[in-house]
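Structure at a glance
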Amino acid sequence: MWRAGPALGTLTSVTPAPAPHLTLSRGSGELEGQEKPNRRELGWPRWGLEAQGATARCRPAWKAGDRPRGEGAGRGERSRVRQEGVSRAAQLRADSEARAVRTASRSAPSPHSQSVWLHPATVALWNALPRPGRAFSLATAGPRRRRPSGSQGVSPMVGPHGAGASPSDKKSKNKSMRGKKKSIFETYMSKEDVSKGLKRGTLIQGVLRINPKKFHEAFIPSPDGDRDIFIDGVVARNRALNGDLVVVKLLPEEQWKVIKPESNDKVAEAAYESELPEELCGHHLPLQSLRGYNDSPDVIIEAQYDDSDSEDGHGGTQNVLVDGVKKLSVCSHDKGKSDTQVTKDESSPMSPDARGPSEKSPQKSAKVVYILEKKHSRAATGVLKLLAEKNSDLFRKYALFSPSDHRVPRIYVPLKDCPQDFMTRPKDYASTLFICHIVDWKEDCNFALGKLAKSLGQAGEIEPETEGILTEYGVDFSDFSSEVLECLPRSLPWTIPPEEVSKRRDLRKDCVFTIDPPTARDLDDALSCRPLADGTFQVGVHIADVSYFVPQGSQLDKVAAERATSVYLVQKVVPMLPRLLCEELCSLNPMTDKLTFSVIWTLTSEGKILDEWFGRTIIRSCTKLSYEHAQSMIERPAEKIPERELPPISPEHSPEELHQAVLNLHRIAKQLRRQRFANGALRLDQLKLAFTLDHETGLPQGCHIYEYHDSNKLVEEFMLLANMAVAHKIHGAFPEQALLRRHPPPQTKMLGDLVEFCDQMGLAVDVSSAGALHKSLTKIFGDDKYSLARKEVLTNMFSRPMQMALYFCSGVLRDQAQFQHYALNVPLYTHFTSPIRRFADVLVHRLLAAALGCGQQLEVEPDALQKQADHCNDRRMASKRVQELSTALFFGILVKESGPLESEAMVMGVLNQAFDVLVLRFGVQKRVYCNALALRSYHFEKVGRKPELTLLWEPEDPEQEPVRQVITVFSLVEVTLQAEAAALKYRAILKRPSPEGCPSLEGQEPEPEP
């Protein structure tokens, strides 16, 4: 019986395994001792097993090493083969090679994967056998060639981005195909059939998410909100790319896959792409960003960087513990211990008890039958390589483009697009980044066809990498056209027309001020607080009136709608609007008259709303406070703040008046916040990185975790209050045309698995509602160092099941229960407070103006508004991912330039040969591999239901005894981050414990909750 392991590509190879099984997995090299001089001379192709599932099994006509040799047992099999036109000689050759492979696998001394060389007739025989349910077939990996050391040649047949033979070289096709090209991908269904299937429920649509580092795994959300639907392999994905809106057809249930973890697979580790909605995280500010995502409380300032894996956090990658929450379920119904003892340089299979029950049940599996919308930009950054087959027609016409993002296929690009000396000096371009656009991907092609757009520069440098990131995610960072700039006021400095002043409530004499990062330039929100005679307060939120400067239907409006959001990188911002608007005309700069849209309440000191007013206003901010200024005022309520510690203040208002306004706002904000969480809101604060940059080179000098202070919370509460108030106002006026924002509840299956994990770890967590989860995470932890670290880990884990918050049109979503915002636990919510950087807020401003009778009446249909909402969702998701990648870029450079970096870390999950940690100093996640440590041995076991990894360190002094260290979930350890040779790559190394032994950190762990 052949046993095929998980396939990562067409090229597969033999790994030594106990007889009578032959394990096949991806690898390279050659079987030592195998005789193959004739094969090499003849240039026979290399063949391997191409697995179609995560674990495929099938029984061939004969077992490896058995015959058919003559009469008897094999006769029936040979008879069936002959009916397929395969000769007896081919049978015997195949049988002989199978025995040779099996024999070689027994004797091969290396534990690593080895290559297999088979005759073409062997493949023809194998593929001719009619085996129902056959899970894999033999496929060519191209003629075997000797390559000089350091050759840049890459076989066009195989690789991490594709599988199978070259799509265009007919000479490489097997003669049994009779000159015909075999389709690799299915033809897409017709639009009519797709429409009928969606209506009948036989087809399902959803956004495709591809695992960044295990590109053969893809998922779409399940309509029932349960476990995601699995799409296994490039072929099943049918040329769809990450982010595309696809239509899939469920496979028969017997073909559903059981996704198993692979603890030995280093490529399992990848970059997690957080889907936490901003309302769940608050706003965190990197000190060095030009404009952090902190001006509005429901926005992430600096996206967390980590590199475990799953693009969405919905369990898309089942083999990575920290991002596939299902693996957090370490439950085993067997009592006692399950052991795996591994000495250094040994290979061990995954312990069956290291998996939870959720990984043993099949997951709904499907195939893509249609692409509704190609949302992926079809652009990629990567490097150029020569094709390996120098005698082929392809070599003379094309180069191979290898994308940095493994989710994008390898691409054939015409040599005419490449640098003139690329063919003669390919090594000169080995580390040069290029941008390539996919122009076609045919049914009979493993690789796409593309056009090389431009050369970016050296890989690993900030600007080339940044431009590549922006291009890949379709961010328009070009200069604004002259047609757009013509829409702006021409006479500068611009002043407010007298007729506009007469239409607005004049608040220029009020004490209005902004609270922003010290480097912020686009100031789009301001606050005011005036005590009234009866002891109440008049509190105002004043937002830049961007809609005044962006007329509907103008060229400026069209470009802003297309960009949909500003994109914030570590070192710069790509604005949604021209800088004249962002930084001057709309920005609420101090001591200048500005047009605003205001929400003004009469509030009690307990935060109870007595009155509410909406309208267009004019303000004159008296000062620009930073969060540090406001925090200083909050922390020193009775002190007089020296003027030298404050920014310039308008002479109409004193520092004391400003200080008292901040204190009043803080007191009311605390009450609003207390009431909000009492009403069931949820907050998951994750660690966020902020960088300090060198002013001359732009390189990161250092980084730190951004701290969230009371001044941030003050702004957050009033922005949330304004957004909720406007949501109710526009929905009341336009119940069919309101642009709102909803947050669906978390994925039920992932959340359930996480609760099971917490139960196993002795933690009682209530997830019956958002508020219950918040109270659980707040209640079960103390203030000591260990408890705070464990809270960070659990907060990170509970972010995984959370779904994206989405803009939507109220007239399209008929069930009003779905309007609910899970994290805030409110029925209606929208975005109103950041129109300079979010086009959705501009649309909401127009809706509010129409509702108040001070703007154009709406003429947009619900479907058209929903289309714009969908586009805003897409661009915000892309913007968020770009921000995360920018953070990853700068952190990778920091490790390279300033490393190694040391930090405490907490273990998030334990596998049998590795464990995952949250690096507390930097908020990144890494996997620590046992085989990278100076260990004498390591031992995996399950103590009760908890996984445990015991490390036996090789002593530095031969006279000393080995040091024993026990790794469990929530262990606190010391790690070192070290740069690797590849650009921007780094790894985590566990620091050796002291000779006296590893500190017993378990002693710090509090007793489990009763």
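Keep in mind it's a predicted model, so treat the numbers as computed, not measured. (Residues numbered from 1 in each chain as written. Predicted model: local features only at pLDDT ≥ 70, side-chain atom pairs only at ≥ 80, totals over all residues. Heavy atoms only, no water.)

1. Here we look at the pairing of strand β30 (residues 700-705)
In this sheet, β30 lies alongside strand β29 (residues 689-693) in antiparallel orientation, the contact comprising 5 bridges. Following the sheet pairing, F691 is matched in β30 by C703. Where β29 folds back onto β30 in an antiparallel hairpin, the turn is made up of 6 residues, including G698, whose phi is positive at roughly 80°. (Pairing = 2+ DSSP bridges. Helix = DSSP H or I, 4+ residues; strand = E, 2+ residues; numbered from the N terminus.)

2. Concerning helix α12 (residues 555-563)
Listing the buried residues of α12 in full gives L556, D557, V559, A560, A561 and R563. For α12, the elements touching its buried residues are α10 (482-485), β25 (573-574), α13 (579-585), α20 (839-852) and α21 (862-898). A564 sits one or two positions beyond α12 and adopts a positive phi of about 70°. (Buried < 20%, exposed > 50% of the residue type's maximum accessible area, 1.4 Å probe, protein only. Contact = heavy atoms within 4.5 Å.)

3. A closer look at the environment of A638
For A638, the position within the fold is in the loop between α14 (627-635) and α15 (655-678). Distance in space between the C-alpha atoms of A638 and Q660 is 9.8 Å, their sequence separation being 22 residues.

4. As for the sheet that holds strand β16 (residues 398-403)
Spatially, 5 strands are ordered β15-β16-β17-β19-β18 in a closed barrel, and the strand pairing comes out mixed. When the angles between neighbouring strand axes are averaged without regard to direction, this sheet yields 50°. As judged from the 2 bridges shared by strand β17 (residues 411-414) and strand β19 (residues 448-458), these two strands associate in the parallel manner. Bridge assignment links I411 to a residue of β19, and that residue is A448. Each of β15 (379-385), β18 (432-440) and β19 touches helix α9 (residues 462-472); the most contacted strand, β19, lies at about 150° to it. (Axes fitted to C-alpha atoms, helices over the stretch in contact; angles between N-to-C directions.)

5. Describing the pattern of salt bridges
All told, the structure shown has 42 salt bridges when counted by the stated rule. For D440, the salt bridge goes to K442, with nearest N and O atoms at 2.8 Å. When its relative accessible area of 29% is taken as the criterion, D440 is described as partly exposed. Between E717 and R676 there is a salt bridge, and its shortest N-O distance comes to 2.7 Å. (Salt bridge = Lys/Arg side-chain N within 4 Å of Asp/Glu carboxyl O.)

6. Notes on unusual backbone geometry
Residue P493 is bonded to the preceding L492 through a cis peptide linkage, with omega at 0°. Structurally, the position occupied by P493 is in the loop between α10 and α11 (498-501). Omega for the bond connecting G899 with P900 falls within 30 degrees of zero, at 0°, which places this linkage in the cis form. For P900, the location among the structural elements is in the loop between α21 and β33 (901-910). Phi at F970 takes a positive value of approximately 80°, unusual for a residue other than glycine. Checked against the element boundaries, F970 lands in the loop between β38 (963-968) and β39 (972-979). A relative accessible area of 1% places F970 in the buried class.

7. Quick look at the packing of α15 against helix α16 (residues 710-733)
Close contact between α15 and α16 brings their axes to 9 Å; oriented N to C, the two are set at 65°. Accordingly, the angle class assigned to the pair α15 and α16 is roughly perpendicular. Crossing of α15 over α16 shows left-handed handedness. Across the interface between the two elements, V662, L665, H666, I668, A669, L672, R673 and R676 of α15 pack against D710, K713, L714, E716, E717, F718, L720 and L721 of α16. (Parallel < 35°, antiparallel > 145°, perpendicular 65-115°, else oblique. Left-handed = near helix turned anticlockwise from the far one by under 90°.)

8. Remarks on the environment of K572
Tracing the chain through its elements places K572 in the loop between β24 (567-568) and β25. Reaching out from K572, the side chain makes a polar contact with the side chain of E463 at a distance of 3.4 Å. (Polar contact = N/O pair within 3.5 Å; in protein donor to acceptor, adjacent residues only side chain to side chain.)

9. Here's the deal with the sheet that holds β33
In space, the 5 strands of this open sheet follow the order β35-β34-β33-β39-β40, with antiparallel pairing throughout. Pairing within the sheet leaves two strands with one partner each, and these edge strands are β35 (924-929) and β40 (986-990). The average undirected angle you get between the axes of adjacent strands in this sheet is 45°. Across the sheet, helix α19 (residues 785-799) lies against β33, β34 (914-919), β35 and β39, angled at about 60° from β33, the strand it touches most.

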